[in-house]
Amino acid sequence: MTPPEAVLADLRTAWADALPGRLIGLYAHGSLVAGDFAPERSDLDLLAVLDRDPDEELLDVLAGLHAGLDRRHPRWAGRIEVEYVSSSAVRDAAAGPPVREHAIARVSPGELLHLLPATSHRVVTWSSVRDHGRTLLGPAPDALLPAIDPALVRAALLDHVRDWPEWVTGMTTPGARSYAVLTLCRAYQRLRCGRQLSKRRAAAPTAAAFPHRADLIAWARDWWYDSGRDDDLGPAGDVPAFVREVSAAVLAAEADARGHDR
């Protein structure tokens, strides 16, 4: 299997050659940068910053680039997640509402390359890349991406937490459910402590906060990072209840904090 760094080097060269002047920054983020990358499981997460919003014409070019990368590295096909956003879209989002309409392009596991609106939900990723991203091409992320008000990031993250109880109903495989548990652990810790932890590192303190869910969290962590089997359901049936419980706890704490601030 091609090492992830070799895939990133190939991608960087191919994208730079195909998008001269259009691609102004390329950054790795996620588990590879956080230090808990699982070679058989984790995706390669990238943010590509463009000189202007992506459009259908660019989408055709990007589709060819991704198809070529998949041919050269078939074991990584479906495991490359890239979000394409213009620097102006990030600047407008950082300025807060009202925001003029922008489009982004995105490809991720189980999701074909497509255009979608640059909603405020995306500031969670953009802020994380600015603070922790690793430069593959262009200036350092904090030189290209503006600082985003932590209150805007928190509001977007809370929206994610509100949506998780609905999202998890469509997640039925052990992999999807372990991912749901660990992702919510990470969101819980970021909202509680203000720090972006990796999914692995967020598991233990969340288990301490929800001791009656410790076995479920341990199963999710071990399944994800120790090559769990697709027939290993473990306590996966408890995942929707866990998601509802943590989501409710986060939102109740937020409402209580706002009440005290008045």
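This one's a predicted model, so the numbers in the text were calculated from it and none came from an experiment.

Asks: Help me understand the pairing of strand β4 (residues 103-108) in this model?
Replies: The side chains of a regular strand alternate, residue by residue, between the two faces of the sheet. Most of β4 sits out of view: five of its six residues are buried. Sheet topology places strand β3 (residues 80-86) next to β4; three bridges connect them, and they run antiparallel. From the neighbouring strand, Glu-83 faces β4, where its bridge partner is Arg-106. Direction of pairing for β4 relative to strand β5 (residues 111-117): antiparallel, over a ladder of five bridges. Across the sheet, the residue bridging to Ala-105 is Leu-115, located in β5. Between β4 and the antiparallel strand that follows it, β5, lie two residues; Gly-110 among them carries a positive phi value of about 80°.

Asks: I tried to follow the pairing of strand β2 (residues 44-50) on my own but got confused; where do I start?
Replies: With seven of seven residues buried, β2 is to be regarded as a mostly interior element. Here β2 shows no split at all, with Leu-44, Leu-46, Ala-48 and Leu-50 on one side and Asp-45, Leu-47 and Val-49 on the other all buried. Examined bridge by bridge, strand β1 (residues 23-29) and β2 share six bridges and lie antiparallel to one another. Bridge pairing links Gly-25 to Val-49 in β2. Across seven bridges, β2 lies against β3 in parallel orientation.

Asks: Even after reading the chapter, I still don't get the packing of aromatic side chains, so can you show me in this structure?
Replies: Given two aromatic rings, one states the distance between the centres and the angle between the planes to describe the pair. Under the defined criterion, the tally for this structure stands at four aromatic pairs. Plain terms: the ring middles of Phe-37 and Trp-76 are 6.1 Å apart, the flat faces sit at 25° to each other, and that makes the pair stacked. Taken as a pair, Phe-37 in the loop between α2 (31-34) and β2 and Trp-76 in the loop between α3 (56-72) and β3 lie far apart in primary sequence, 39 residues in all. Of the two residues, Phe-37 and Trp-76, neither departs from the other in class, the shared state being buried. Taking the centre distance of 5.3 Å and the plane angle of 75° together, the rings of Trp-164 and Trp-167 count as edge-to-face. Of this pair, Trp-164 and Trp-167 both sit in helix α7 (residues 150-167), separated by three residues, roughly a single helical turn. Relative accessible area serves as the criterion here: at 37%, Trp-167 is assigned to the partly exposed category. The ring of Trp-224 has Arg-41 sitting right over it, with the charged end atom 5.9 Å from the ring centre. Above the plane of the ring of Tyr-225 lies Arg-200, whose end atom (NZ or CZ) is 4.1 Å from the centre.

Cut-offs used in this document
- Residues numbered from 1 in each chain as written.
- Predicted model: local features only at pLDDT ≥ 70, side-chain atom pairs only at ≥ 80, totals over all residues.
- Heavy atoms only, no water.
- Buried < 20%, exposed > 50% of the residue type's maximum accessible area, 1.4 Å probe, protein only.
- Helix = DSSP H or I, 4+ residues; strand = E, 2+ residues; numbered from the N terminus.
- Pairing = 2+ DSSP bridges.
- Phe/Tyr/Trp six-rings, centres within 6.5 Å; stacked < 30°, edge-to-face > 60°.
- Lys NZ or Arg CZ within 6 Å of the ring centre and 35° of its normal.

No statement about biological role is implied by the geometric values presented.
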